[in-house]
Amino acid sequence: MADMEAFRDAVTAWAAGGPGGPAGEAAGQVGVRTAVLVEGPSDLAAVETLAARRGRDLAAEGVCVVSMGGAMNVARYASLLGPPGLGLRLTGLCDENERGFYERGLARAGAPEDGFFVCVADLEEELIRALGVARVEEIVRAEGELPAWQTFVRQPAHQGGVAERQLRRFMGTKSGRKIRYGQLLVEALEHEPAPLRDLLAALAQEGLRR
């Protein structure tokens, strides 16, 4: 895991304008073959948590989940990690309203789109819908944040809103909260939302082809 973190850090530095040599060297040392591109760290946490829950060791499979820091960075990351750069297989998750960024970015990098799985709003919304509002509120209560949640929904800006959307917004109101709930919601799943399920299935099929 430490080696995969080193690769991830090298990729982030490369995407920010640093040299690509360290990322290429780290990829060779770790044996990375597939990069899973996701928008942010909460998505990364959710994917890795689900993989671990299924008994999958993504690092051992040569898979690295990479947080791009936003959908608008997909062209840069696809160019660095895909055919024009390290030549890794690219897959990942995207939000429906960011799909255009992915289509254009992947096309510019000469990478196929069929390995990317679309969330209706975002991954948090998919997880909340899969679990149901009542179950998510139980998790919020178990985390000791029920008073904060109740205060949040009483605010004029949030009164009368759809509960799923309110929960999404609540999870984004405090630093680190989205990452923590990304893990907790995945751990509570009985039925996985389609984008996550299909992503893990695609990674398993890729492993079988090697």
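For the structure itself, look to the data block above.
Because the structure is a prediction, the values reported are computed rather than measured. (Residues numbered from 1 in each chain as written. Predicted model: local features only at pLDDT ≥ 70, side-chain atom pairs only at ≥ 80, totals over all residues. Heavy atoms only, no water.)

Chemist: Would you mind showing me how to read the nonpolar core here?
Modeler: In terms of nonpolar packing, the biggest core is built from 37 residues, with Leu93, Val136, Leu185, Leu196 and Leu199 touching the most fellow members. The residues contacting leucine 93, other than those within four sequence positions of it, are Leu37, Val38, Val47, Tyr102, Phe116, Phe117, Leu123, Pro195, Leu196 and Leu199. Val66, Tyr77, Leu88 and Ala111 belong to the second-largest nonpolar core, a separate cluster that totals 29 residues. (Core = buried A, V, L, I, M, F, W, Y, C linked by side-chain atoms within 4.5 Å. Buried < 20%, exposed > 50% of the residue type's maximum accessible area, 1.4 Å probe, protein only. Contact = heavy atoms within 4.5 Å.)

Chemist: Just checking my understanding: could you explain the sheet that holds strand S2 (residues 63-67) for this structure?
Modeler: Pairing between the strands of a sheet comes from backbone hydrogen bonds, and it takes one of two forms, parallel or antiparallel. Reading across from one edge, S2-S1-S3-S4 is the order of the 4 strands in this open sheet, with parallel pairing throughout. Edge strands, defined here as strands with exactly one partner in the open sheet, are S2 and strand S4 (116-119). Neighbour-to-neighbour, the strand axes of the sheet open up by a mean angle of 15°, direction not taken into account. Two strands pair when backbone bridges link them, and strand S1 (residues 34-38) and strand S3 (residues 89-95) are joined in this way by 4 bridges, in the parallel orientation. In the strand pairing of S3, threonine 34 is matched with arginine 89. This element, helix H3 (residues 41-53), spans S1, S2 and S3 of the sheet and lies at about 155° to S2. Together, S1, S3 and S4 form the strand contacts of helix H5 (residues 99-109), whose direction differs from that of S3 by roughly 160°. (Pairing = 2+ DSSP bridges. Helix = DSSP H or I, 4+ residues; strand = E, 2+ residues; numbered from the N terminus. Axes fitted to C-alpha atoms, helices over the stretch in contact; angles between N-to-C directions.)

Chemist: It is not clear to me how the pattern of salt bridges should be interpreted in this structure. Could you clarify?
Modeler: Opposite charge on two side chains lets them pair, provided their charged atoms get close. Counting across every chain of the model gives 15 salt bridges. We note a salt bridge from glutamate 5 to arginine 8, for which the minimum N-O separation is 2.9 Å. Here glutamate 5 and its partner arginine 8 are both found in helix H1 (residues 2-15), 3 residues apart, which amounts to about one turn of the helix. A relative accessible area of 32% means that glutamate 5 is categorised as partly exposed. With its nearest N and O atoms 3.4 Å apart, the salt bridge here joins arginine 180 to glutamate 145. Taken together, the residues span a long stretch of sequence, with arginine 180 in helix H10 (residues 177-188) and glutamate 145 in the loop between helix H7 (133-142) and helix H8 (146-154) at a distance of 35 residues. Residue class for arginine 180 comes out partly exposed when judged on its relative accessible area of 26%. (Salt bridge = Lys/Arg side-chain N within 4 Å of Asp/Glu carboxyl O.)

Chemist: Help me understand the state of the cysteines, please; the structure alone is not making it clear to me.
Modeler: Taken as a whole, this structure holds 0 disulfides when the rule is applied. Cysteine 94 takes part in no disulfide bond, and the closest cysteine sulfur to it belongs to cysteine 119, at a distance of 7.3 Å. Classification of cysteine 94 by relative accessible area gives buried; the value is 3%. According to the relative accessible area criterion, cysteine 119 is buried, its value standing at 1%. (Disulfide = S-S within 2.5 Å.)

Chemist: How should I be thinking about the packing of helix H6 (residues 123-131) against helix H9 (residues 163-171) in this particular structure?
Modeler: Relative orientation and spacing of two packed helices are given, respectively, by the angle between their axes and the distance between those axes. With their axes 10 Å apart at the nearest point, H6 and H9 run at an angle of 130° to one another. With respect to each other, H6 and H9 are oriented oblique. Both H6 and H9 take part in a crossing whose hand is right-handed. Contact residues: Glu124, Glu125 and Ile128 in H6; Glu164, Leu167, Arg168 and Met171 in H9. (Parallel < 35°, antiparallel > 145°, perpendicular 65-115°, else oblique. Left-handed = near helix turned anticlockwise from the far one by under 90°.)

Chemist: What exactly am I supposed to notice about H9 here?
Modeler: Because an α-helix completes one turn every 3.6 residues, residues spaced three or four positions apart along the sequence face the same direction. Within the sequence span of H9, burial applies to Gln166, Leu167, Phe170 and Met171. On an axial view of H9, the arc spanned by its buried residues comes to 130°, and they lie on one face. Those residues of H9 hidden inside the fold are in contact with H6, H7, H8 and H10. (Arc of directions from axis to C-beta.)

Chemist: How should I be thinking about the packing of aromatic side chains in this particular structure?
Modeler: Working definition: an aromatic ring pair is given by the centre-to-centre distance plus the angle between the planes. Enumeration over the complete set of coordinates arrives at 4 aromatic pairs. Arranged with centres 6.2 Å apart and planes meeting at 20°, the rings of tryptophan 149 and phenylalanine 152 form a pair that is stacked. Taken together, the residues span about one helical turn, with tryptophan 149 and phenylalanine 152 both in helix H8 at a distance of 3 residues. Both residues of the pair, tryptophan 149 and phenylalanine 152, belong to the buried class. Pairing phenylalanine 152 with phenylalanine 170 gives two aromatic rings, centres 5.7 Å apart and planes at 65°, and the pair type is edge-to-face. Note that phenylalanine 152 is positioned in helix H8 and phenylalanine 170 in helix H9, a separation of 18 residues in sequence. Both residues of the pair, phenylalanine 152 and phenylalanine 170, belong to the buried class. Here the aromatic cluster, defined as three or more aromatic residues joined through ring pairs, consists of Trp149, Phe152 and Phe170. The ring of phenylalanine 101 has arginine 104 lying over it, and the distance from NZ or CZ to the ring centre is 5.5 Å. Directly above the aromatic system of phenylalanine 170 lies the positively charged group of arginine 177, at a separation of 4.1 Å from the ring centroid. (Phe/Tyr/Trp six-rings, centres within 6.5 Å; stacked < 30°, edge-to-face > 60°. Lys NZ or Arg CZ within 6 Å of the ring centre and 35° of its normal.)

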